[in-house]
Amino acid sequence: MKLHEYQSKQIFSRYGIPIPRGRVATTADEARNIAHELGGRVVIKSQVLVGGRGKAGGIKLAKDPREAEDLATQILSMEIKGLPVRKVLVDEAASISKEIYLGITNDRSARRPVMMASAAGGVEIEEVARTTPEKIIKAHIDPLLGLKDYQARDIAIGIDLPKHHWKMFNQIASGLWHAYQDCDATLAEINPLVVTEDNRLIALDGKMLIDDNALFRHPDLADLRDLDVEAPAEVEARKYGLSFIKLDGSIGCMVNGAGLAMTTMDIIKLFGGEPANFLDIGGGAGSDKVAAAMKIILTDPNVKAVLLNIFGGITRCDEVARGILVAIEEVKPKVPMVVRLVGTNAEEGLKIISEANMITADTLVDAAKKAVFATNPQEAGRVIS
Ligand code: GDP
Ligand code: MN
């Protein structure tokens, strides 16, 4: 889960990282009031979950509250990389003398987190990594020992930070590490961390990614999720505990088990089709979950056929079949549905759905061929024959 800049910076601040004074506004009026409170120049920053907002015109400096209002009006009506701007952060403007990059992520090959810093801050780190990788200073962090002072100092030296900043830099680096660890983040990034003209260090931008699989133990972070900016199907899927990822193909998939779902997608592709989604309804799914899953699949206009591949273990095929009937009743699908049910209570399941107008298949290969044929008879004909 991605956090907004303002959310990330609030977390950073709790860990002793200096951030600019500021607040979020959803209207231009509010933005003017905040600018008035802050006094002096402010920066109006669109809060969207994509990078490069600056270049896209989503970050503007305002010299007074009136200009803040105008710019907020402008930015609140923008779309950045397809995402509408619904909130702006109004921050006290900083006068920048130097921009630094500082971030932590997991280094899978080293099997531990890595802190990265660069004196070439402000630009995206991927860009620095590509063009001048030697400018990135790295320190791997032992998760049991945490970030050590000497590591923070080595980084400070590596990015040519003058000695009088080391103490503060250490506090910031250590705060970032603790925020990263405590929140189960997969990324915590300050870009830019600036040295101001009056020689202070401030985190001007903030970005955090939280491991979705750890959200169950961070209800406060889970609450920060911004439903406005997520695909409705994914919001709905999460509500029912379904693992759902939308893809670009035309065959909707409903499968129990992630491994089986992957296999199903592979087989669809093998026979020349393209899956419209990954969907794992999980073990022991009842009929309400099945119905919810079916509705999610069928609301995708790209779906031209549905393949249901259910291996009944803990999940009972008759329960799934009942869910299918409920969903069909509600959604009234107009696309062909191919179903393969095997395992626990498969026979009862098949009996239940025999009322529905569905294509049954005995094996996965058979099911995949039938689904591909339903979306694209020519292609399937060629591959199958
Ligand atoms: P991003 O483009 O989405 O990464 O947004 P950032 O928050 O990193 O801002 C992009 C750039 O805008 C920064 O690298 C700064 O150069 C500039 N910027 C942001 N806030 C301020 C500010 O308070 N004062 C000044 N002068 N520039 C700022
Ligand atoms: Mn940035």
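Look a little higher up for the structure.
Residues numbered from 1 in each chain as written. Chains lettered and ligands numbered in written order. Predicted model: local features only at pLDDT ≥ 70, side-chain atom pairs only at ≥ 80, totals over all residues. Heavy atoms only, no water.

Peer 1: Describe the overall build of the protein chain, and please don't skip the residues or the numbers.
Peer 2: What the protein chain contains, in helices and strands, is 14 helices and 18 strands. Expressed along its principal axes, the backbone C-alpha trace of the protein chain runs to roughly 75 × 50 × 40 Å. The 385 residues of the protein chain split such that 46% are buried. Residue pairs in contact within the protein chain that sit at least 24 positions apart in sequence constitute 68% of those at least 6 positions apart. Here the protein chain displays about 18,800 Å² of accessible surface, and carbon together with sulfur accounts for 52% of that area. (Helix = DSSP H or I, 4+ residues; strand = E, 2+ residues; numbered from the N terminus. Buried < 20%, exposed > 50% of the residue type's maximum accessible area, 1.4 Å probe, protein only. Contact = heavy atoms within 4.5 Å. Areas by Shrake-Rupley, 256 points an atom, 1.4 Å probe, with all protein chains shown as cover.)

Peer 1: Outline the coordination of the manganese ion (ligand 2), supporting the account with residue identities and numerical values.
Peer 2: At this site the manganese ion (ligand 2) is bound by Asn-191 (O) and Asp-205 (OD), with donor distances of 2.2 Å. Within this pair, whereas Asn-191 is found in strand β10 (residues 185–196), its partner Asp-205 is found in the loop between β11 (201–203) and β12 (207–210), the two being separated by 14 residues in sequence. Neither residue differs from the other here; Asn-191 and Asp-205 are each classed as buried. (Donors = N, O, S within 2.8 Å, 3.2 Å for Na, K, Ca; no water.)

Peer 1: Residues and numbers for the environment of Ala-292, please.
Peer 2: Along the polypeptide, Ala-292 turns up in helix α10 (residues 287–298). Accessibility expressed as a relative area gives 5% for Ala-292, which makes it buried. Each C-alpha atom of the pair Ala-292 and Glu-330 lies 10 Å from the other, and the pair is 38 residues apart in sequence. When sequence neighbours within four positions are dropped, the list of residues in contact with Ala-292 reads Tyr-240 and Leu-242.

Peer 1: Go over the pairing of strand β7 (residues 96–107), please, and point to the residues and values.
Peer 2: Moving residue by residue along a regular strand, the side chains alternate between the two faces of the sheet. As paired strands, β7 and β10 are joined by eight bridges and run antiparallel to one another. The residue of β10 that forms the bridge with Leu-102 is Ile-190. One ladder, built from seven bridges, connects β7 with strand β8 (residues 112–118); its direction is antiparallel. Paired with Asn-106 across the two strands is Pro-113, which belongs to β8. Here β7 hands over to β8 after four residues, with Arg-111 in that stretch at a positive phi of 55°. (Pairing = 2+ DSSP bridges.)

Peer 1: Pulling in residues and values, what's your account of the packing of helix α9 (residues 258–270) against helix α13 (residues 364–375)?
Peer 2: Close contact between α9 and α13 brings their axes to 9 Å; oriented N to C, the two are set at 55°. Considering their axes alone, α9 and α13 lie oblique with respect to each other. Crossing geometry of α9 relative to α13 is assigned as right-handed. Contacts between α9 and α13 pair Thr-263, Thr-264, Ile-267 and Ile-268 from the former with Leu-364, Val-365, Ala-368 and Val-372 from the latter. Per-class residue counts for the contact of α9 with α13 are six nonpolar, two polar and no charged. (Axes fitted to C-alpha atoms, helices over the stretch in contact; angles between N-to-C directions. Parallel < 35°, antiparallel > 145°, perpendicular 65-115°, else oblique. Left-handed = near helix turned anticlockwise from the far one by under 90°. Nonpolar A, V, L, I, M, F, W, Y, C, P; charged D, E, K, R; others polar.)

Peer 1: Give a detailed account of the sheet that holds strand β1 (residues 22–25), specifying residues and quantitative values.
Peer 2: Pairing is antiparallel across the open sheet formed by four strands, whose spatial order is β1-β6-β2-β3. The open sheet terminates on both sides in strands that have one partner only, identified here as β1 and β3 (59–62). The sheet shows a mean angle of 20° between the axes of neighbouring strands, direction not considered. Across four bridges, the pairing between strand β2 (residues 42–46) and β3 is antiparallel. Within β3, the residue paired with Lys-45 across the bridge is Ile-59. On the sheet, helix α1 (residues 5–14) packs against β1, β2 and β6 (88–92) and is oriented at approximately 45° with respect to β6. Packing against the sheet, helix α2 (residues 28–38) makes contact with β1, β2 and β6, and its axis sits at approximately 170° to β1.

Peer 1: Please set out the packing of α10 against helix α11 (residues 317–331) residue by residue, giving values where relevant.
Peer 2: Where α10 meets α11, the closest approach of the two axes is 7 Å, and the angle between their N-to-C directions is 45°. Relative to α11, the element α10 is oriented oblique. Helix-helix and strand crossings are classified by hand; for α10 and α11 the assignment is right-handed. Seen from α10, the contacting residues are Ser-287, Val-290, Ala-291, Met-294, Lys-295 and Leu-298; seen from α11, they are Glu-319, Val-320, Arg-322, Gly-323, Ile-324, Val-326, Ala-327, Glu-330 and Val-331. Within the contact of α10 with α11, the residues separate by chemical class into nine nonpolar, two polar and four charged.

Peer 1: Can you explain the site of ligand 1? Please cite residues and give values.
Peer 2: Neighbouring residues of ligand 1: 16 residues in total, closest Lys-45, Arg-53, Ala-94, Glu-99 and Asp-205. One of the backbone nitrogen or oxygen atoms of Ala-94 is found 2.9 Å away from a nitrogen atom of ligand 1. One of the backbone N or O atoms of Asn-191 is found 3.0 Å from an oxygen atom in ligand 1. Where the shell around ligand 1 is concerned, the elements lending two or more residues are β2, β3, β7 and β10. Each residue belonging to the shell around ligand 1 can be placed in one class, and the counts come to eight nonpolar, four polar and four charged. (Near = heavy atom within 4 Å. Polar contact = N/O pair within 3.5 Å; in protein donor to acceptor, adjacent residues only side chain to side chain.)

Peer 1: Which residues make up the nonpolar core, and what values go with them?
Peer 2: Residues Met-115, Phe-169, Leu-176 and Met-208 are the most contacted members of the largest nonpolar core, which totals 37 residues. Elements that contribute at least two residues to this core include exactly α1, β7, β8, α5 (149–158), α6 (166–182), β10, β11 and β12. A per-element tally of this core places α6 first, with seven residues. In contact with Leu-176, other than residues within four places in its own chain, are Phe-12, Ile-17, Leu-102, Gly-103, Ile-104, Met-115, Ala-188, Glu-189 and Ile-190. Counting residues in each nonpolar core, the second largest holds 32 residues, with Leu-242, Val-320, Met-337 and Met-358 among its members. (Core = buried A, V, L, I, M, F, W, Y, C linked by side-chain atoms within 4.5 Å.)

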